Amino acid sequence: MLSPDLVDFTRVTAHSGRSVSNVCLVTGSSGLIGSEVAAFFHSREFTVHGVDNNQREVFFGPQGNTRWNQGRLSRALRRFTHHELDVRDRAGVLKLVQDLKPAVLIHTAAQPSHDLAAKIPFDDFDVNAVGTLNLLEAARRFCPESPFIHMSTNKVYGDRPNAIALKELETRWEYADPAFERGIPESLSIDQSLHSLFGASKAASDLLVQEYGRYFNLPTCCLRGGCLTGPNHSGVELHGFLSYLIRCNLEGREYRIYGYKGKQVRDNIHAEDVARFMFEFYQKPRCGEVYNLGGGKENSCSILEAIQMAEACTGKKQTHRYVDQARIGDHICYYSDLTKMKTHYPEWKPQHSLQDIFQEIVASWHDRLCDTSPSR
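Residues numbered from 1 in each chain as written. Predicted model: local features only at pLDDT ≥ 70, side-chain atom pairs only at ≥ 80, totals over all residues. Heavy atoms only, no water.

Student: It is not clear to me how the pattern of salt bridges should be interpreted in this structure. Could you clarify?
Tutor: Where side chains of opposite charge bring their charged atoms close, a pairing between them can arise. Evaluation of the coordinates by the stated rule reveals 21 salt bridges. Here Asp99 and Lys95 are joined by a salt bridge, their closest N and O atoms 2.8 Å apart. A residue pair is termed a helical-turn pair when its members lie 3 or 4 positions apart in one helix, as Asp99 and Lys95 do in helix H5 (residues 90-100) at 4 residues. Neither Asp99 nor Lys95 differs from the other in exposure class; each is exposed. Residue Glu137 is joined to Arg140 by a salt bridge in which the shortest nitrogen-to-oxygen separation is 2.9 Å. Taken as a pair, Glu137 and Arg140 lie in helix H7 (residues 121-142) at a separation of 3 residues, close to a single helical turn. What makes Arg140 partly exposed here is its relative accessible area of 33%. Each of the salt bridges in this network shares a partner with another, and the network as a whole consists of Asp86, Arg88 and Asp123. (Salt bridge = Lys/Arg side-chain N within 4 Å of Asp/Glu carboxyl O. Helix = DSSP H or I, 4+ residues; strand = E, 2+ residues; numbered from the N terminus. Buried < 20%, exposed > 50% of the residue type's maximum accessible area, 1.4 Å probe, protein only.)

Here it is in structure tokens:
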């Protein structure tokens, strides 16, 4: 059995006599990360096949609709093909992967909300855990040499980060324990903590991806993302923190802050930086690997600080209301320790600053809200 050390899968494939295609298969292709991945790999001369069925609108209502992004990809990417497929459709997933035999399979489709998971537990688990199993088994059967990249979440750690000693500053919480000065490492336990049903279903999928790597020697990795963001996010109250906040600001809507005095901290990473890391892993894959993927301490902010930054970008005051009840399983302070990622892939580091991210999201919402205004 191979260890999760670096493996030259190009050499393995060549010895097996199987040619590597230039097909990239992306699930959740109309979402924030999936659409960015599609565009990034397309720019590297891949033929991109996207799987999406606009389930986000089913989960979150009209504000979660991603058809606009699907249309944008179809217009902008010459070698892009959309597949209206649900990852829970096992037969459909198996057939698609068998037909395409992609060179890389990137799984970003998910039910992404803590709060919603408790209301739809079967849908949540079937999408997040069973859907991932369907894709893993399809990859094992039909393209075992191809890297399988899974968009996991930092919520697999449950509320364990909340047990770390904190200090309260004027606008944020911060780690008081010097062992976590750089943030949360991959060695933090995911066991015996409160996750929310969403965190549990994503932990199940995370472990499956690791196991298919370690048990079957497949080139897999789990990317435990923090706040993934960017201009193509359809942010809603239950998911998509920065995008939703900026939309509220531009539309003059009240923003609700849930618990922790609004000082809870998140690190934010631009979707393009996520796609660039995925490309690095595709080029030099490993077996059953795990990475904490975020903007790191440099790109972290609290909700109070994010409100201030949004106001500075738009010139508009943000109305907000404090709800003195934190979301179940929510983190008080979380930013990713990127040491392992940068050690394994020294060519990669986040290129988009927090200020850049805010400005891009503001510009994107300006354009989208103008496109949907009644006067047009």
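On we go.
Student: Would you mind showing me how to read the packing of aromatic side chains here?
Tutor: Note on aromatic pairs: each is described by the distance of the centres and the angle between the planes. Taken as a whole and assessed by the stated rule, the structure comprises 19 aromatic pairs. Look at Phe277 and Trp348: their rings are 5.5 Å apart centre to centre, the planes differ by 80°, and that puts the pair in the edge-to-face class. Of this pair, Phe277 sits in helix H10 (residues 271-283) while Trp348 sits in the loop between helix H12 (339-344) and helix H13 (354-371), and the two are 71 residues apart along the sequence. For Trp348, a relative accessible area of 1% puts it in the buried group. (Phe/Tyr/Trp six-rings, centres within 6.5 Å; stacked < 30°, edge-to-face > 60°.)

Honestly, that's just the spatial picture; any functional story needs more than this.
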